[in-house]
Structure formats: C-alpha cells, structure tokens
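# What the coordinates show
Here is what each chain is made of, one letter per residue.
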Amino acid sequence: MVRFPAGFRLEPLRKSHPRSTFRSGQPLVDDWLATKALQNQDKHLSATKVVISPEGSIAGFYTLATAQVDFSELPQTLIRRLPRRGLPVAVLAWLGVHEDQQGQGFGGRLLAQALRDCYEAGQTFAIIAVILDCIDDNARAFYRRWDFRELPGHTHRLYLSWSQLEAMMSTA
C-alpha cells in the first residue's frame, strides 16, 4: 500500500463521505465524484477509493473499472501473439486531487495506489494493460511521466502495458 501523509487514510467511497464539497479545479471530475461515482459503484460498474484528510474531507480519489478493448485499437507491440478479439484491460476512469492538496504529491500517490490495485487485481483477473482518457494536456503530461503511452490515433487515450506495470511493482 502507498503511504499517505500522517492522518490521511485511503478507503472505499461511502455515502457518508462529503462528495459535494470536493473541488479539484476540473468541473467534470468534481461532478463525477459528487453525482455519479457512488451510483456506479453501487451498480458494480466501477470502484472508487478516496483519501480522507484528518478533518474528514476528501483530499483525492480514483475510480477503477474493467473493459475490453478491440485488438485493432492497440499497438502492435502490445498485441503480438494475442487473439484477435476484445482484450481485457483495467481502466483508470477518474483521478482527482482537491485544490487544497495539489502540488503536494497526492496525484502521484493516488496513481501509484490505483496502479497497485490494478496489479493486485491482475493476479486474479487477467488484464493486458491499464488504459485511461486524459481530461486535458496537463493530465496527459502527468501520466506520460509515469510511462503511459498513446494509443495509436488517440492523443489523449493512454495505456500502460501489463509488463510495464509488473516491472513497476517489482521495484516498488
């Protein structure tokens, strides 16, 4: 598990968490957490984890899901010797850091924990990659620093292969 600062704790999203007060500076991210994250979780469409501050507010969150991606959407280096069908992936659907916590490493910690969760799930349920869609160029630059690469023809859809994820986890 990734270490968060003293007094901060990671836990699954619950109804009692103050979702409507979360402000990341990205209205789409804030709206997802406030109005859709819990509903999708209750329907088993995704799972959201939140970092709770010592005061009880949400310092950050991430949402994971699973999907299938058509092999034709993936780079040749990733699909070599794989069947020509929908391939299983983990999806980092959302990640947000409260404005008060930005610039303090919370984004990196949240991403590291999300990737740890994907890796651990991949020990039970096969995935070939983690994919995500970047909300803007700043998000794209952030994920590129973590070795995410562009999917062919999609400048803001990125992936991290299973072998890359496995290598990250072996050094963590």
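Residues numbered from 1 in each chain as written. Predicted model: local features only at pLDDT ≥ 70, side-chain atom pairs only at ≥ 80, totals over all residues. Heavy atoms only, no water.

## Some remarks on the environment of Ser-57
Residue position: Ser-57 is located in the loop between β2 (47-52) and β3 (58-70). Since its relative accessible area comes to 33%, Ser-57 is described here as partly exposed. For Ser-57 and Gln-101, which are 44 residues apart along the polypeptide, the C-alpha to C-alpha distance reads 11 Å. Here Ser-57 is in contact with Pro-18, Val-51 and Ile-52, once residues within four sequence places are set aside. (Helix = DSSP H or I, 4+ residues; strand = E, 2+ residues; numbered from the N terminus. Buried < 20%, exposed > 50% of the residue type's maximum accessible area, 1.4 Å probe, protein only. Contact = heavy atoms within 4.5 Å.)

## Comments concerning the packing of helix α3 (residues 106-122) against helix α5 (residues 162-171)
Direction vectors running N to C along α3 and α5 enclose 110°, while the axes themselves pass 10 Å from each other. It follows that α3 is roughly perpendicular to α5 by the angle criterion. Residues Leu-115, Arg-116, Cys-118, Tyr-119 and Gly-122 of α3 pack against Trp-162, Leu-165, Glu-166, Met-168 and Met-169 of α5. Residues of the contact of α3 with α5, tallied by class, amount to 7 nonpolar, 1 polar and 2 charged. (Axes fitted to C-alpha atoms, helices over the stretch in contact; angles between N-to-C directions. Parallel < 35°, antiparallel > 145°, perpendicular 65-115°, else oblique. Nonpolar A, V, L, I, M, F, W, Y, C, P; charged D, E, K, R; others polar.)

## Some words on the pattern of salt bridges
By the definition in use, this model includes 7 salt bridges. Among the ionic pairs, Asp-31 bridges to Lys-36, the shortest N-O distance being 2.6 Å. Overall, Asp-31 belongs to the partly exposed group, its relative accessible area being 33%. A salt bridge links Lys-49 to Asp-117, with the shortest nitrogen-to-oxygen separation between them at 3.1 Å. Here the residue Lys-49 occupies a position in strand β2, and Asp-117 occupies one in helix α3, the gap between them amounting to 68 residues. (Salt bridge = Lys/Arg side-chain N within 4 Å of Asp/Glu carboxyl O.)

## Observations regarding the layout of surface pockets
Quantified by volume, the largest pocket comes out at close to 550 Å³. In this structure, the largest pocket is lined by 26 residues; those nearest its centre are Leu-95, Gly-96, Ile-135, Ala-139 and Tyr-143. Of all the elements, strand β4 (residues 86-97) adds the most residues to the lining of the largest pocket, at 6 residues. Here the residues of the lining of the largest pocket sort into 13 nonpolar, 11 polar and 2 charged. In this structure, the second largest pocket spans a volume of roughly 420 Å³. As for the second largest pocket, its lining consists of 21 residues, of which Ala-47, Leu-64, Ala-65, Thr-66 and Ala-121 are closest to the centre. For the lining of the second largest pocket, the elements supplying multiple residues, two or more each, are β2, β3, β4 and α3. (1 Å grid on protein atoms, 1.4 Å probe; cavity = no way out; pocket = protein on both sides within 12 Å on 5 of 7 lines; lining within 4 Å. Points joined across faces, edges and corners; volume = space filled by probe spheres on them.)

## Quick word on the environment of Thr-48
With respect to the helices, strands and loops of the structure, Thr-48 is situated in strand β2. Here Thr-48 falls in the buried class, since its relative accessible area comes to 1%. Distance from Thr-48 to Leu-132, taken between C-alpha atoms, is 15 Å for residues 84 residues apart in sequence. Dropping the residues within four chain positions of it, Thr-48 is found in contact with Glu-11, Pro-12, Leu-13, Trp-32, Leu-33, Ala-37, Gln-41, Phe-61, Tyr-62 and Thr-63.

## A closer look at the nonpolar core
The biggest cluster of nonpolar side chains holds 32 residues, and the ones touching the most others in it are Leu-92, Leu-115, Val-130, Tyr-143, Phe-148 and Leu-165. For this core, the element with the most residues is α3, which contributes 7 residues. With near-sequence residues (within four places) excluded, Tyr-143 lies in contact with Leu-92, Leu-95, Leu-111, Leu-132, Cys-134, Phe-148 and Leu-158. (Core = buried A, V, L, I, M, F, W, Y, C linked by side-chain atoms within 4.5 Å.)

## Some words on the pairing of strand β7 (residues 154-161)
Two elements, strand β5 (residues 129-133) and β7, share 5 bridges in a ladder whose sense is antiparallel. Bridge pairing links Ala-129 to Ser-161 in β7. Taken together, the 3 bridges between strand β6 (residues 149-151) and β7 define a ladder with antiparallel strand orientation. If you follow Arg-149 over to β7, its bridge partner there is Tyr-159. Two successive antiparallel strands, β6 and β7, enclose a turn made up of 2 residues, where Gly-153 displays a positive phi of approximately 80°. (Pairing = 2+ DSSP bridges.)

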